[in-house]
Amino acid sequence: MLDKFFRKHPKKDALPKAAQAPAEHPQVPYDPGLIAALTYQHRALVMQLDEARNAAQDGAYEEVKDFLEQFKTALADHMKQESAQLYPYLVAHLKGEDSKDILKDMRTNSAIIERSVEGFLSHYGGYPVSDVNAERFDIEIEGVTGEFCDGIEREEASFYTLYMPPESY
């Protein structure tokens, strides 16, 4: 008798699971300021890398650590915003034979950007910049910044231009 009481019963007005909208890519509304916000974040991220490099050149090693931590947090927030707003919107609106390839390229580019800085941040998170490794840090941050800038330039030129109001598709 208690078995019937505790057994879960579907709500009368609930849709069957097959009829529910897929949760993987929920409908995301168009945000006319999204691309400007994401582009601004790119510029801020590059500035943080430049500030870390300048701090290292000035011997302000604690500041380097702070800038790199800020960069890591800001990059994670940026990637989350792209994943939550840009990507699902493009999945819902891009049509045509090439759309899946474009979206795959977008994800790949995003992963390359993230990977280009991940090892660098991990290394200098464990072995902070000091007089001993400042010269190496300068060389590595220059390379990472270049890779990062190349990735975001491609992202802005190739993928951000695809984000348009729904009536444009």
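Located above this text is the structure these notes cover.
Conventions used here
Residues numbered from 1 in each chain as written. Predicted model: local features only at pLDDT ≥ 70, side-chain atom pairs only at ≥ 80, totals over all residues. Heavy atoms only, no water. Helix = DSSP H or I, 4+ residues; strand = E, 2+ residues; numbered from the N terminus. Contact = heavy atoms within 4.5 Å. Areas by Shrake-Rupley, 256 points an atom, 1.4 Å probe, with all protein chains shown as cover. Phe/Tyr/Trp six-rings, centres within 6.5 Å; stacked < 30°, edge-to-face > 60°. Lys NZ or Arg CZ within 6 Å of the ring centre and 35° of its normal. Polar contact = N/O pair within 3.5 Å; in protein donor to acceptor, adjacent residues only side chain to side chain. Core = buried A, V, L, I, M, F, W, Y, C linked by side-chain atoms within 4.5 Å. Buried < 20%, exposed > 50% of the residue type's maximum accessible area, 1.4 Å probe, protein only. Salt bridge = Lys/Arg side-chain N within 4 Å of Asp/Glu carboxyl O. Axes fitted to C-alpha atoms, helices over the stretch in contact; angles between N-to-C directions. Parallel < 35°, antiparallel > 145°, perpendicular 65-115°, else oblique. Left-handed = near helix turned anticlockwise from the far one by under 90°. Patch = residues over 30% accessible without salt bridge, like charges linked within 9 Å, V, L, I, M, F, W, Y side chains within 5 Å. Lys, Arg positive; Asp, Glu negative; His and termini not counted. Charge placed at Lys NZ, Arg CZ, Asp CG, Glu CD. Expected span 1.5 Å × (residues − 1). Nonpolar A, V, L, I, M, F, W, Y, C, P; charged D, E, K, R; others polar.

S.K.: I keep staring at the overall build of the chain and nothing clicks. Help me out?
M.R.: Scanning the chain from N- to C-terminus turns up 5 helices and 0 strands. Starting at the N terminus and ending at the C terminus, the chain contains elements arranged as α-α-α-α-α. Residue pairs at least 24 apart in sequence account for 79% of intrachain contacts in the chain once pairs closer than 6 positions are excluded. Per element, the accessible surface of the chain, about 11200 Å² overall, is 55% carbon and sulfur.

S.K.: For this particular structure, what's the right way to read the packing of aromatic side chains?
M.R.: Each aromatic ring pair is characterised by the separation of its centres together with the angle its planes make. Evaluation of the coordinates by the stated rule reveals 8 aromatic pairs. Across the ring face of tyrosine 87, the terminal group of arginine 107 is positioned such that the distance to the ring centre comes to 3.5 Å.

S.K.: When you look at the side chain of histidine 93 in this model, what are you seeing that I'm missing?
M.R.: Structurally, histidine 93 can be placed in helix H3 (residues 61–93). Among the polar contacts listed, one links the side chain of histidine 93 to the backbone oxygen of tyrosine 89, at a separation of 2.9 Å. Not counting residues within four places of it along the chain, the set of residues in contact with histidine 93 comprises Gln27, Pro166 and Tyr169.

S.K.: Would you explain the nonpolar core in this entry?
M.R.: If you look at soluble globular proteins, the nonpolar side chains tend to sit buried side by side. Counting 25 residues, the largest nonpolar core has Leu68, Phe71, Phe120, Phe137 and Phe148 as the members making the most contacts within it. Of all the secondary-structure elements, those providing two or more residues to this core are helix H2 (34–57), H3, helix H4 (99–126) and helix H5 (134–159). Looking at this core, the element that brings in the most residues is H5, giving 7 residues.

S.K.: Quick question: what am I supposed to make of the pattern of salt bridges here?
M.R.: Proximity of charged atoms lets side chains of opposite charge pair with each other. Enumeration according to the criterion identifies 4 salt bridges in this entry. The partner of arginine 136 in a salt bridge is glutamate 140, with the nearest N and O atoms 2.5 Å apart. Residue arginine 136 and its partner glutamate 140 are located together in helix H5, separated by 4 residues, close to a single helical turn. Each of Arg53, Asp138 and Glu142 takes part in one network of salt bridges that share partners.

S.K.: Just checking my understanding: could you explain the packing of H4 against H5 for this structure?
M.R.: At a closest axis distance of 10 Å, the pairing of H4 and H5 adopts a crossing angle of 165 degrees. For the element pair H4 / H5, the angle class is roughly antiparallel. Our pair here, H4 against H5, has a crossing hand that is left-handed. Between H4 and H5, the contacting residues are Ile102, Asp105, Met106, Asn109, Ile113, Ser116, Val117, Phe120 and Tyr124 on the first element and Arg136, Phe137, Glu140, Ile141, Val144, Glu147, Phe148, Gly151, Ile152, Arg154, Glu155 and Phe159 on the second.

S.K.: Is there a simple way to explain a negative patch on the surface in this structure?
M.R.: A contiguous patch of negative charge, built from Asp58, Glu62, Glu63, Asp66 and Glu69, is present on the exposed surface. One can find glutamate 62 in helix H3.

S.K.: Would you mind going over H2 with me for this structure?
M.R.: Helical geometry note: an α-helix holds 3.6 residues per turn, so side chains three or four residues apart project in the same direction. Under the 1.5 Å per step criterion, the end-to-end length of H2 is 35 Å for 24 residues, consistent within 8% with the ideal 34 Å. Those residues of H2 that are buried lie in contact with H3 and H5. Immediately beyond the C-terminal end of H2, within one or two residues, lies glycine 59, with a positive phi of roughly 80 degrees.

S.K.: For this particular structure, what's the right way to read the packing of H3 against H5?
M.R.: A packed helix pair is summarised by two numbers, namely the angle formed by the two axes and the spacing between the axes. One way to put it is that H3 packs onto H5 with a least axis distance of 14 Å and a crossing angle of 20 degrees. Between H3 and H5, the angle falls in the class roughly parallel. Between H3 and H5 lies a crossing of left-handed hand. Along its contact with H3, which presents Tyr61, Val64, Leu68, Phe71, Leu75, His78, Glu82 and Leu90, the element H5 presents Ala134, Phe137, Phe148, Glu155 and Phe159. Looking at side-chain class alone, the contact of H3 with H5 contains 10 nonpolar, 1 polar and 2 charged residues.

Keep in mind that these numbers describe shape and distance, not what the molecule does.
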